[in-house]
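Structural overview for review
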Amino acid sequence: SGLQVVSPNEVGLGAIPSGHPINTTFLINVPNSTSPGYYYVNFTIKYDGGKLIKAYKLQVYPKADLQIVNVYYPSINPGSSKVPITITIKNVGNVTAQNIKAILGSSDVIYPHVSSSNPLMGLTASEEYLGDLKPGQEVNITYVVDVSSGAQVGNYSMALTLVWNQTGSLFPFVQNDRFTVQVTPTS
C-alpha cells in the first residue's frame, strides 16, 4: 500500500497465555505524497504449529505540509550585524497547521542576534510563534541575525525547524526545511 514499517519489523512475543492480550507498537512511515484514506497493513503471526496473516485497516488523515516559498534579506557581508531575514512559509497541505512554532538553526557564521544589554534574549532569539496556517495560506517570519567577521564569501545553508499540531494527531509534527543565505564581499 506504499506504507513502510520502520521499526520494529519483527517482534518476538514468547509464550502468550490464553485470554491475555499483548500490546506492541510498530512505527509506520507515511510519505507526504500519500493521499488521505484507508490502507491495509498485513501482519503475519507465526506460532508453533502454523501462521496467520491478518490485515489491519489503517486510516491516514490529511496532513499540513509547511514549505519555505521565499527568503528575503538585504546584502549580507562578513561582520554584518542586525540583518533582517524574512522567510515566507506556506501550508501546501490540505489541513490547518495549528500553534506553529518556528526555530531558526544557526550556521557556523550566521546566528540570531542577541543584544549585549539583554543576554537572556539568547534563549528565545531563534524561536517565533506563528499561530495557525490554513491550507494555501502564507505567513512571513523575520529573524534578526549577525554574521561572523571571519565569514568567507559564499552560500550558507540554514535550517528552519517547524513544530505544529493538527486535529486528529496525538503528537506534534516536526519538519526541518533548509534555505540558503549568500554572504557577499564588503563593498
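Starting from 1, residues in each chain are numbered consecutively following that chain's sequence as written. Thresholds applied to this predicted model are a pLDDT of at least 70 for local features of residues and 80 or more for the giving and counting of side-chain atom pairs; totals over whole chains, interfaces and linings are not thresholded and use all residues. Just so you know, side-chain values use all the structure's heavy atoms and leave hydrogens and water out.

1. Some thoughts on the overall build of the protein chain
Worth spelling out the cut-off: Here a strand is any run of E in DSSP of at least two residues, a helix any run of H or I of at least four, and the numbering for each starts at the N terminus. Categorising residues by exposure relies on relative accessible area from a 1.4 Å probe, with only protein chains included: less than 20% of the type maximum marks a residue as buried, more than 50% marks it as exposed, and the intermediate range marks it as partly exposed. Two residues form a contact once any of their heavy atoms are found within 4.5 Å. Using the Shrake-Rupley algorithm and a 1.4 Å probe, accessible areas are obtained, with residue cover drawn only from the displayed protein chains. Here the positive residues are Lys and Arg and the negative ones are Asp and Glu; neither His nor the chain ends is included. Charge positions come from single atoms, namely NZ of Lys, CZ of Arg, CG of Asp or CD of Glu.
Looking only at helices and strands, the protein chain features zero helices and twelve strands. In the protein chain, the succession of α and β elements from N to C terminus is β-β-β-β-β-β-β-β-β-β-β-β. Each principal axis of the C-alpha atoms in the protein chain carries an extent, and together these give about 80 × 35 × 30 Å. With 187 residues in all, the protein chain has 28% of them scored as buried. Considering only intrachain contacts with a sequence separation of at least 6, the fraction spanning at least 24 residues in the protein chain is 66%. Surface accessibility of the protein chain: about 12,000 Å² in total, with carbon and sulfur atoms responsible for 51%. Taken together, the 10 basic and 10 acidic charged side chains of the protein chain have centroids lying 10 Å from each other.

2. Some details on the packing of aromatic side chains
Any aromatic ring pair is given by two values, namely how distant the centres are and how the planes are angled relative to each other. The cut-off we apply is this: Here the aromatic set is Phe, Tyr and Trp, taking the six-membered ring for Trp, and pairing holds for ring centres within 6.5 Å; pairs whose planes are under 30 degrees apart are stacked, those over 60 apart are edge-to-face, and all others are tilted.
All chains considered together, the criterion is met by two aromatic pairs. Residues Phe26 and Phe43 carry aromatic rings whose centres are separated by 5.3 Å and whose planes lie at 55° to one another, so their mutual orientation is tilted. Of the two residues, Phe26 is situated in the loop between strand 1 (4-7) and strand 2 (27-29) and Phe43 in strand 3 (residues 37-47); the sequence distance between them amounts to 17 residues. The partly exposed category is assigned to Phe26, whose relative accessible area is 25%.

3. Considerations on the sheet that holds strand 5 (residues 66-72)
As a reminder, the rule being used: Two strands qualify as a pair provided that DSSP identifies no fewer than 2 bridges between them. Angles shown run from 0 to 180 degrees and are taken between the N-to-C directions of axes, each axis being a line fitted to C-alpha atoms and, for helices, limited to the stretch in contact.
Ordered in space as 5-6-10-8, the four strands form an open sheet in which the pairing is antiparallel. Edge positions in the sheet fall to strand 5 and strand 8 (110-112), since each has one partner strand and no second. Sheet twist, expressed as the average angle between the axes of neighbouring strands with direction ignored, equals 45°. By the bridge criterion, eight bridges tie strand 6 (residues 83-91) to strand 10 (residues 138-147) in an arrangement that is antiparallel. Bridging from a neighbouring strand, Thr86 pairs with Thr142 of strand 10.

4. Topic: the environment of Glu128
Residue position: Glu128 is located in strand 9 (residues 127-133). Considered as a pair, Glu128 and Ile141 are 13 residues apart in the sequence and their alpha carbons are 7.7 Å apart. In contact with Glu128, not counting residues within four places along its chain, are Ile100, Lys101, Ala102, Ile141, Thr142 and Tyr143.

5. What about the sheet that holds strand 7 (residues 97-104)?
Taken together, the four strands give an open sheet; going across it, the order is 9-7-11-12, and neighbouring strands pair in antiparallel fashion. Both edges of this open sheet fall to strand 9 and strand 12 (173-183), since each of them pairs with a single strand only. Averaged over all pairs of adjacent strands, the angle between strand axes in this sheet comes to 25°, irrespective of strand direction. Looking at chain direction, strand 7 and strand 9 are connected through five bridges and run antiparallel. The residue bridging Ala102 from the neighbouring strand is Glu128, located in strand 9.

6. Focus: unusual backbone geometry
Backbone geometry places Lys82, a non-glycine residue, at a positive phi of 55°. Assignment of secondary structure puts Lys82 in the loop between strand 5 and strand 6.

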